[in-house]
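# Commentary on secondary and tertiary structure
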Amino acid sequence: VNLRRASASDTEALVELRMRMFEETALEVGTAPEQGLERATRDYFAQEPAKRLCESWVVEVEGTLVAAGTIALFRRPPYPGNLAGHEAYLFNMYTVPEHRRKGYARAIFESLMAFAREQGYGKVWLHSTHAGRQLYESSGFRSADTYLEWVPATLRAPDA
Ligand SMILES: CC(C)(COP(=O)(O)OP(=O)(O)OC[C@H]1O[C@@H](n2cnc3c(N)ncnc32)[C@H](O)[C@@H]1OP(=O)(O)O)[C@@H](O)C(=O)NCCC(=O)NCCS
């Protein structure tokens, strides 16, 4: 079992894992993967890491990636407590079903959080599925009452 930072040669495997994640969580999240998503995802993982705008960690078993997680980095204007304005969005946490409950997601998550701490990020935020929630809460993440979001009406799930 090999826990490591993803490199450029992992792009295709990262895309495949992410597509599997979307398929598996579609019902819970209320959005189905549309045409073009796979290509756009491939472009993202081919381009963003080189710009230092995201960082992925993976677990590899016998030459195959079985788990992944990514942190996307961006900058807000400085605010009290975060003069650099650096924030990170944690996403893409996925472990293939055959390898669950072996601590892979936790190991990836801790590597991403160590990276965020080393780089002095003032905030890490994320959206969680039911399965992921316990992992984040056990590491000190809390839901924030002040958070609101907007999406175009055309993208809103029917029951949302
Ligand atoms: C969530 C997910 C990434 C966890 O992956 P994993 O490699 O099995 O996780 P780990 O073995 O590292 O377990 C981490 C912790 O998560 C919690 N957890 C994992 N699976 C869980 C489940 N099905 N129900 C409740 N808690 C769960 C546990 O607290 C676990 O710690 P513990 O085993 O020490 O109690 C995996 O179930 C998955 O890919 N699910 C589908 C996609 C998804 O929901 N991704 C998360 C997006 S936020």
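I will try to describe carefully the structure that is included in this document. All figures in this text were calculated on a predicted structure; none of them were measured in a lab.

This part is about the nonpolar core. Leu90, Met93, Phe109 and Tyr136 are the most contacted members of the largest nonpolar core, which has 35 residues in total. For this core, the elements supplying multiple residues, two or more each, are helix H1 (11-29), strand S2 (54-61), strand S3 (64-75), strand S4 (86-95), helix H3 (104-118), strand S5 (123-126) and helix H4 (130-137). Of the residues forming this core, the biggest block, 7 residues, is contributed by H3. Non-local contacts of Met93, meaning those with residues more than four positions away in its chain, are made with Met21, Ala68, Gly69, Ala105, Ile108, Phe109, Leu112, Leu135 and Tyr136.

A few words on the side chain of Glu60. One can find Glu60 in strand S2. A polar contact is formed between the side chain of Glu60 and the side chain of Arg4, at a distance of 2.8 Å. Once residues within four sequence positions are removed from consideration, Glu60 is found in contact with Val1, Asn2, Arg4 and Leu65.

What counts as what
Residues numbered from 1 in each chain as written. Predicted model: local features only at pLDDT ≥ 70, side-chain atom pairs only at ≥ 80, totals over all residues. Heavy atoms only, no water. Core = buried A, V, L, I, M, F, W, Y, C linked by side-chain atoms within 4.5 Å. Buried < 20%, exposed > 50% of the residue type's maximum accessible area, 1.4 Å probe, protein only. Helix = DSSP H or I, 4+ residues; strand = E, 2+ residues; numbered from the N terminus. Contact = heavy atoms within 4.5 Å. Polar contact = N/O pair within 3.5 Å; in protein donor to acceptor, adjacent residues only side chain to side chain.

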